[in-house]
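Spelled out, the chains give:
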Amino acid sequence: MRFQATLLRAFRRTTRPAYGLSRFRCLSTSTAPKRHFNSQYGFILGATGVTLSTVYFLSKSLQSDDATDSVSVINSVDALPMTVKEPLQTNYDLIGYGIREVSFLKFKVYALGLYIAHDDVPLVSSILNSKFLESFYEDDVNSENQNKKHSENLSVALSDPNVSNILIKNLISSGVRFTARICAIRNTDLSHLRDGFIRTIKNNPNYKKIMKEKDQNEANRVIHGLDELRDVFNRAKVSARKNSLVYMEIDENQYIRVSVQTADKNGKHNEPRFIGTVHEPLVTELLFESYLGAEKPLVKSVQETCKNSLVTACS
């Protein structure tokens, strides 16, 4: 409890008084190395303490099928691949997974896999090992948490509803790219999935804070972003049989690139199709906070497995 209280004290010290996401944005670690570091790859690995074996941390933190390099979350659809490239812009590695259920009857709607860009894994250690994170508990000199490993303190922070979203925002704003892979468990269409994304965003507590701000600039941006999200899916006009896929990929501008890969009646995938981009970073933050943050996670098992993978990346 003392550790969490210190986290909140640090949060108040490092933010300006405001409502909603704007007060968190100043926490971005401007000194952290950005994504484009191919020519300095070896330097960054050494500087952040990340080894080549750490880059493949997913196989250690997730229970995968060694024969197929995949994770099965439900037998009725294809297993989640540990790595994925097509139709994305770069290679991605699996960090979390689970099943989205709705209503008190717990209808299984889709299998959700969360991925991180392979080239961005070193950034996780750099950002979450920064003085920014240390400032959350540096005042608690006598706390037993001072004697804990950094990975243990990070696990506490990523599990804290009041802190985890700040850390997730910091990762996204510092250039870490994530992708959500949604696999339909039952026959549906894109309009249902579209409405699900919008409900997820609106159920994020930070959405409500933005809508209540006196300055409606961010509220208007979110409204426009949700309209664009609707338009992207409405233009596609395709059905989504069981085993169809939707990819929500964060690009280098913190926009969301949306791609779909429908399945035929036998569950075999058709060619993937890029259907559009949502050009509003606030929508990106709200959606991926709901996947990765602990305040109100959409699927608890996804948040938990992602937390464990991120901690492993920093160990």
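One can find the structure itself at the top, above this paragraph.
First things first, this report covers the structure right here in the doc.

Quick notes on the rules
Residues numbered from 1 in each chain as written. Predicted model: local features only at pLDDT ≥ 70, side-chain atom pairs only at ≥ 80, totals over all residues. Heavy atoms only, no water. Salt bridge = Lys/Arg side-chain N within 4 Å of Asp/Glu carboxyl O. Buried < 20%, exposed > 50% of the residue type's maximum accessible area, 1.4 Å probe, protein only. Helix = DSSP H or I, 4+ residues; strand = E, 2+ residues; numbered from the N terminus. Pairing = 2+ DSSP bridges. Contact = heavy atoms within 4.5 Å. Axes fitted to C-alpha atoms, helices over the stretch in contact; angles between N-to-C directions. Expected span 1.5 Å × (residues − 1).

### Describing the pattern of salt bridges
Alright, step 1. In total, this model carries nine salt bridges according to the counting rule given.
Alright, step 2. With its nearest N and O atoms 2.9 Å apart, the salt bridge here joins R194 to D195.
Alright, step 3. By relative accessible area, R194 is classed as buried at 15%.
Alright, step 4. The partner of R221 in a salt bridge is E280, and the shortest N-O contact between them spans 2.8 Å. Note that R221 is positioned in helix α12 (residues 217-236) and E280 in the loop between β11 (273-278) and α13 (281-292), a separation of 59 residues in sequence.
Alright, step 5. A relative accessible area of 7% places E280 in the buried class.

### Structural notes on the sheet that holds strand β3 (residues 83-84)
Alright, step 1. Strand order in the open sheet made by the seven strands is β3-β4-β5-β6-β9-β10-β11, with antiparallel pairing throughout. Strands with a single pairing partner mark the edges of an open sheet, and in this sheet they are β3 and β11.
Alright, step 2. Pairing analysis gives ten bridges linking strand β4 (residues 92-102) to strand β5 (residues 107-117), with the strands arranged antiparallel. From the neighbouring strand, D93 faces β5, where its bridge partner is I116.
Alright, step 3. Helix α14 (residues 300-313) contacts β4 and β5 of the sheet and is inclined by roughly 160° relative to β4.

### Considerations on α14
Alright, step 1. The first and last C-alpha atoms of α14 sit 20 Å apart over 14 residues, in line with the 20 Å expected at 1.5 Å per residue.
Alright, step 2. If you check which residues of α14 are buried, you get V302, Q303, T305, C306, K307, S309, L310, V311 and A313.

### What about the environment of K209?
Alright, step 1. With respect to the helices and strands, the residue K209 is situated in helix α11 (residues 205-212).
Alright, step 2. Note on K209: relative accessible area 27%, which makes it partly exposed.
Alright, step 3. It is 9.2 Å that separates the C-alpha atoms of K209 and A219, two residues lying ten residues apart in sequence.

What is shown is where atoms sit, not what they do.
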